[in-house]
Amino acid sequence: MKQLFLKREAGIFILLAVLCTVVAILNPHFLKPQNLQNEGRLIGMFGIFSIGAGIVIITGGIDLSTGSLMALLGVQLAIILVEKHWPWPVAILTVLITAGLLGLAQGVLITRLKLQPFIVTLCGLLIYRGTAQTIAHDETKGLGVNTGFELLQKLTTGEVCGVPNQFILLVIIAIIMWVVLHRSVYGRYLFAIGQNEAATRYSGIGTRGIIVSAYVLSGLFGAISGILFAFYSVSISPASHAQFYELYGIAAAVLGGCSLAGGEGSIIGIVLGTALLQVLQNLVILLNIPSSLNFAVMGGVILIGVIADQLLKKK
């Protein structure tokens with residue numbers, strides 16, 4: 001199994017390198033520092049919540065509510081920072097607690113009431129988006145130049161030696177989660193649940209708590225990405241902010257080797273899958289391909305990933 005993961009990761013890395021080379025040849029603007037920095041920012045922001053999506057998928061579940069969650073948290077952050085003038089550490093803590101509680105609620109519904117993850121998170125998608133529109137009165141909330149949280153703006157949008165802070169944060173989270181997922185008992189339990197939840201439960205492992213924790217982590221990583229996206233875009237439209245981002249997370253995880261059936265996946269693969277998706281998106285922009293094809297590309301990537309997963313299993 002470990003060798004299979006290494007082969008998958010190596011294959012994705014080679015594909016990413018080839019794609020970057022092709023894009024650079026077709027449009028040299030791809031290698032300009034400004035474009036590479038922006039790519040780093042996007043890979044960082046998308047990669048963080050994709051890791052959360054991947055953890056849920058490894059347990060055999062799925063989270064369709066991430067994009068709407070980021071819209072709700074973005075609106076919440078803008079209101080408490082700009083309108084209520086809360087100290088920014090308190091605001092960040094509030095957003096993280098909200099995300100954790102919502103993830104906890106979804107996990108409890110799935111484990112205690114035996115509801116399907118697809119249904120629970122689909123309802124979350126609708127509820128969070130509707131709540132965001134309601135509390136914002138369907139108006140765009142801004143995070144422009146305001147006194148009191150300049151340091152937070154600098155931390156979320158700045159860079160260190162030319163490397164965007166968003167990408168640095170992704171690297172830190174990826175390293176931590178790699179250790180958690182691949183070098184801890186908790187990580188082994190996650191994989192065991194995805195492979196056979198009933199057998200794992202009968203072996204004396206508390207599967208309910210572990211599944212709930214996966215959805216809590218997904219919510220927390222969605223909150224971190226949501227904060228970064230809020231300051232990246234400066235404004236949050238509750239009806240369209242982060243729309244369909246959950247599909248990007250699922251696509252990145254599947255492309256990175258996570259099986260939708262559960263029990264398989266790796267952190268490195270998810271990060272590489274995210275990078276590959278963002279390079280594809282950049283290719284669409286640089287070659288002046290209609291942006292409407294973005295969703296076609298994403299759908300094709302998910303389909304190819306599932307087909308490849310099935311072929312590997314049969315082999």
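Residues numbered from 1 in each chain as written. Predicted model: local features only at pLDDT ≥ 70, side-chain atom pairs only at ≥ 80, totals over all residues. Heavy atoms only, no water.

This model, assessed by the stated rule, comprises one cavity of 30 Å³ or more. Taken as a whole, the largest cavity spans an internal volume of roughly 30 Å³. Taken together, Asp-63, Ser-65, Leu-69, Leu-102, Gly-103, Gln-106, Tyr-128 and Gly-219 make up the full set of residues lining the largest cavity. The element that contributes the greatest number of residues to the lining of the largest cavity is helix α4 (residues 88–112), accounting for three residues. Class assignment of the residues belonging to the lining of the largest cavity gives a composition of three nonpolar, four polar and one charged. (1 Å grid on protein atoms, 1.4 Å probe; cavity = no way out; pocket = protein on both sides within 12 Å on 5 of 7 lines; lining within 4 Å. Points joined across faces, edges and corners; volume = space filled by probe spheres on them. Helix = DSSP H or I, 4+ residues; strand = E, 2+ residues; numbered from the N terminus. Nonpolar A, V, L, I, M, F, W, Y, C, P; charged D, E, K, R; others polar.)

A word on unusual backbone geometry. Residue Asp-138 is not a glycine yet carries a positive backbone phi of 55°. Tracing the chain through its elements places Asp-138 in the loop between α5 (117–135) and β1 (141–142). Unlike most non-glycine residues, Phe-244 shows phi in positive territory, near 65°. Positionally, Phe-244 belongs in the loop between β4 (235–236) and α11 (245–255). Overall, Phe-244 belongs to the partly exposed group, its relative accessible area being 36%. (Buried < 20%, exposed > 50% of the residue type's maximum accessible area, 1.4 Å probe, protein only.)

For Gly-107, the location among the structural elements is in helix α4. Residue Gly-107 is classed as buried on the basis of its relative accessible area, which comes to 0%. Note: C-alpha distance between Gly-107 and Pro-117 (10 residues apart in sequence) is 8.4 Å. Setting aside chain neighbours within four positions, we find Gly-107 in contact with Val-212 and Tyr-215. (Contact = heavy atoms within 4.5 Å.)

For the rest of this paragraph, the subject is the packing of helix α8 (residues 185–195) against helix α10 (residues 207–233). The geometry of α8 relative to α10 is characterised by a closest axis approach of 10 Å and an angle of 100° between their N-to-C directions. Between α8 and α10, the angle is such that the two are roughly perpendicular. Mapping the contact onto sequence places Tyr-186, Tyr-189, Leu-190 and Ile-193 in α8 and Thr-207, Ile-210, Ile-211, Ser-213, Ala-214 and Leu-217 in α10. In the contact of α8 with α10, the residues fall into eight nonpolar, two polar and no charged. (Axes fitted to C-alpha atoms, helices over the stretch in contact; angles between N-to-C directions. Parallel < 35°, antiparallel > 145°, perpendicular 65-115°, else oblique.)

So, on to α10. With 27 residues, α10 ought to run about 39 Å at 1.5 Å a step, and its terminal C-alpha atoms sit 39 Å apart, in line with that. In terms of burial, α10 is largely enclosed, as 19 of its 27 residues are buried. The positive-phi residue at the C-terminal boundary of α10 is Val-234, with phi of around 70°. (Expected span 1.5 Å × (residues − 1).)

On to the packing of helix α3 (residues 66–83) against α4, then. Look at α3 against α4: their axes get within 10 Å of each other, and the N-to-C directions meet at 150°. By the angle between their axes, α3 is roughly antiparallel relative to α4. Of the two possible hands of crossing, α3 and α4 adopt the one that is right-handed. For the pair α3 and α4, the contacting residues are Leu-69, Leu-72, Leu-73, Gln-76, Leu-77, Ile-80 and Leu-81 in the first and Trp-88, Ala-91, Ile-92, Thr-94, Val-95, Thr-98, Ala-99 and Leu-102 in the second. Taken together, the residues of the contact of α3 with α4 sort by class into 12 nonpolar, three polar and no charged. (Left-handed = near helix turned anticlockwise from the far one by under 90°.)

Another point: the pattern of salt bridges. Across all of its chains, the model carries three salt bridges by this definition. With its nearest N and O atoms 2.7 Å apart, the salt bridge here joins Glu-83 to Lys-141. In this pair, Glu-83 sits in helix α3 while Lys-141 sits in strand β1, placing the two residues 58 residues apart along the sequence. Owing to a relative accessible area of 46%, Glu-83 belongs among the partly exposed residues under this scheme. Since its relative accessible area comes to 11%, Lys-141 is described here as buried. The partner of Arg-201 in a salt bridge is Glu-197, with the nearest N and O atoms 3.8 Å apart. On the criterion of helical spacing, the pair formed by Arg-201 and Glu-197 is a turn pair, its members being four residues apart in helix α9 (residues 197–202). (Salt bridge = Lys/Arg side-chain N within 4 Å of Asp/Glu carboxyl O.)

Shape is all these values report; function is a separate question.
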